[in-house]
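Chain and residue survey
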Amino acid sequence: DGGITQSPKYLFRKEGQNVTLSCEQNLNHDAMYWYRQDPGQGLRLIYYSQIVNDFQKGDIAEGYSVSREKKESFPLTVTSAQKNPTAFYLCASSSSTDPPYEQYFGPGTRLTVT
Amino acid sequence: AQSVTQLDSQVPVFEEAPVELRCNYSSSVSVYLFWYVQYPNQGLQLLLKYLSGSTLVESINGFEAEFNKSQTSFHLRKPSVHISDTAEYFCAVTPTLYGSSNTGKLIFGQGTTLQVKP
């Protein structure tokens, strides 16, 4: 089955620690995205990548970092510089060349930092 | 630039009643339009999309949405809701024009929580 996997489903960390969230897709999509979701605030774009070895900041990139070394993978690191990291994180992918560029989402990772 | 406004943050409705979730957008270029649904603690699933042609689009589970270009709206409707429709619904747009600064990026509304009561 084609799709997007995110692991783990739930993640707990102590304040001051960096943590990496995994996102893998086997849809052969060029583009991948990371969103943050907080109650009542919809989805906010953190980073996106339209091609391997290239990525761009989204609307709320501060305190986060990404890499895109393989087409299938787009891990997100939440660094200790992120002031309020507790949230639900969603990864998505899409074609960047074939309209309508609809995005397919993973199941999400809920990060809790205490 | 594009923006999406979902006019209602919460919509409570009784089971078997009709419902409309409103979505308006603003864009200087033509856009594709989407509705996504999110069940609790899950990712988003595509519900339906408007690309071109007939302005009324339907999903397999009874939802439909109508694209109104003059009113820049894409409201979602269902004639009779079920308890299982309780979820958050997101309207989103993306430019059709390749090379636009937002090509491929979805611009989301804030979401509408549909609460279906027995």
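Attention in this report is confined to the structure presented alongside it. (Residues numbered from 1 in each chain as written. Chains lettered and ligands numbered in written order. Predicted model: local features only at pLDDT ≥ 70, side-chain atom pairs only at ≥ 80, totals over all residues. Heavy atoms only, no water.)

For the rest of this paragraph, the subject is the state of the cysteines. Note: disulfide means a covalent bond formed between the sulfur atoms of two cysteine side chains. The tally for this structure, following the rule as stated, stands at two disulfides over all chains. Here cysteine 23 of chain A is linked by a disulfide to cysteine 91 of chain A, with a sulfur-sulfur distance of 1.9 Å. With the S-S dihedral at roughly -75°, the linkage between cysteine 23 of chain A and cysteine 91 of chain A falls on the left-handed side. Within this pair, whereas cysteine 23 of chain A is found in strand E3 (residues 19-25), its partner cysteine 91 of chain A is found in strand E9 (residues 87-94), the two being separated by 68 residues in sequence. Note on cysteine 23 of chain A: relative accessible area 0%, which makes it buried. With its sulfur 2.0 Å from that of its partner, cysteine 23 of chain B forms a disulfide with cysteine 91 of chain B. Of note, the bridge from cysteine 23 of chain B to cysteine 91 of chain B carries an S-S torsion of about -65° and is left-handed in sense. With cysteine 23 of chain B in strand E4 (residues 23-27) and cysteine 91 of chain B in strand E10 (residues 87-95), this pair connects stretches of sequence that are 68 residues apart. (Disulfide = S-S within 2.5 Å. Helix = DSSP H or I, 4+ residues; strand = E, 2+ residues; numbered from the N terminus. Buried < 20%, exposed > 50% of the residue type's maximum accessible area, 1.4 Å probe, protein only.)

Residue and element names in this part refer to chain A. Residue serine 7 is joined to proline 8 through a cis peptide bond whose omega torsion reads -10°. For proline 8, the location among the structural elements is in the loop between strand E1 (4-7) and strand E2 (10-13). Even without being glycine, asparagine 28 reaches a positive phi, approximately 60°. Within the secondary structure, asparagine 28 is located in the loop between E3 and strand E4 (31-37).

It is worth spelling out the nonpolar core at this point. With 28 residues, the main nonpolar core has Leu33, Trp35, Leu47, Leu48, Phe74, Leu76 and Tyr89 of chain B as its most contacted residues. With residues up to four places along the chain from it excluded, the contact list for leucine 48 of chain B reads Leu33, Phe34, Trp35, Val57, Glu58, Ser59, Phe63, Glu64, Ala65, Phe74 and Leu76 of chain B. Formed by 21 residues, the second largest nonpolar core is a distinct cluster that contains Leu11, Ile46, Tyr89 and Cys91 of chain A. (Core = buried A, V, L, I, M, F, W, Y, C linked by side-chain atoms within 4.5 Å. Contact = heavy atoms within 4.5 Å.)

Before going further, it helps to examine the side chain of serine 73 of chain A. Residues and elements named next belong to chain A. If you trace the backbone, serine 73 turns up in the loop between strand E7 (64-66) and strand E8 (76-78). Among the polar contacts made by the side chain of serine 73, one reaches the side chain of glutamate 24 at a distance of 3.1 Å. Beyond its immediate stretch of four places on either side in the chain, serine 73 contacts Cys23, Glu24, Met32, Ser67 and Arg68. (Polar contact = N/O pair within 3.5 Å; in protein donor to acceptor, adjacent residues only side chain to side chain.)

Residue and element names in this part refer to chain A. Spatially, four strands are ordered E1-E3-E8-E7 in an open sheet, and the strand pairing comes out antiparallel. Because the sheet does not close on itself, it has two edges, and the strands there are E1 and E7. Pairwise comparison of adjacent strand axes, ignoring direction, gives a mean angle of 20° for this sheet. Bridge analysis of E7 against E8 gives three bridges, and the strand direction is antiparallel. Counterpart to tyrosine 64 in the pairing with E8 is valine 78. (Pairing = 2+ DSSP bridges. Axes fitted to C-alpha atoms, helices over the stretch in contact; angles between N-to-C directions.)

Turning our attention to the packing of aromatic side chains. Counted under the stated rule, the structure contains 15 aromatic pairs over all chains. With centroids separated by 6.1 Å and ring planes inclined at 55°, the aromatic side chains of tyrosine 36 of chain B and phenylalanine 108 of chain B adopt a geometry described as tilted. Of this pair, tyrosine 36 of chain B sits in strand E5 (residues 31-38) while phenylalanine 108 of chain B sits in strand E11 (residues 107-108); the two residues are 72 residues apart in sequence, bridging distant segments of the chain. Among the residues examined, tyrosine 36 of chain B registers a relative accessible area of 0% and is labelled buried. Judged by relative accessible area, phenylalanine 108 of chain B falls into the buried class, the value being 10%. Seen from the ring of phenylalanine 74 of chain A, arginine 68 of chain A lies directly overhead, with NZ or CZ sitting 5.9 Å from the centre. (Phe/Tyr/Trp six-rings, centres within 6.5 Å; stacked < 30°, edge-to-face > 60°. Lys NZ or Arg CZ within 6 Å of the ring centre and 35° of its normal.)

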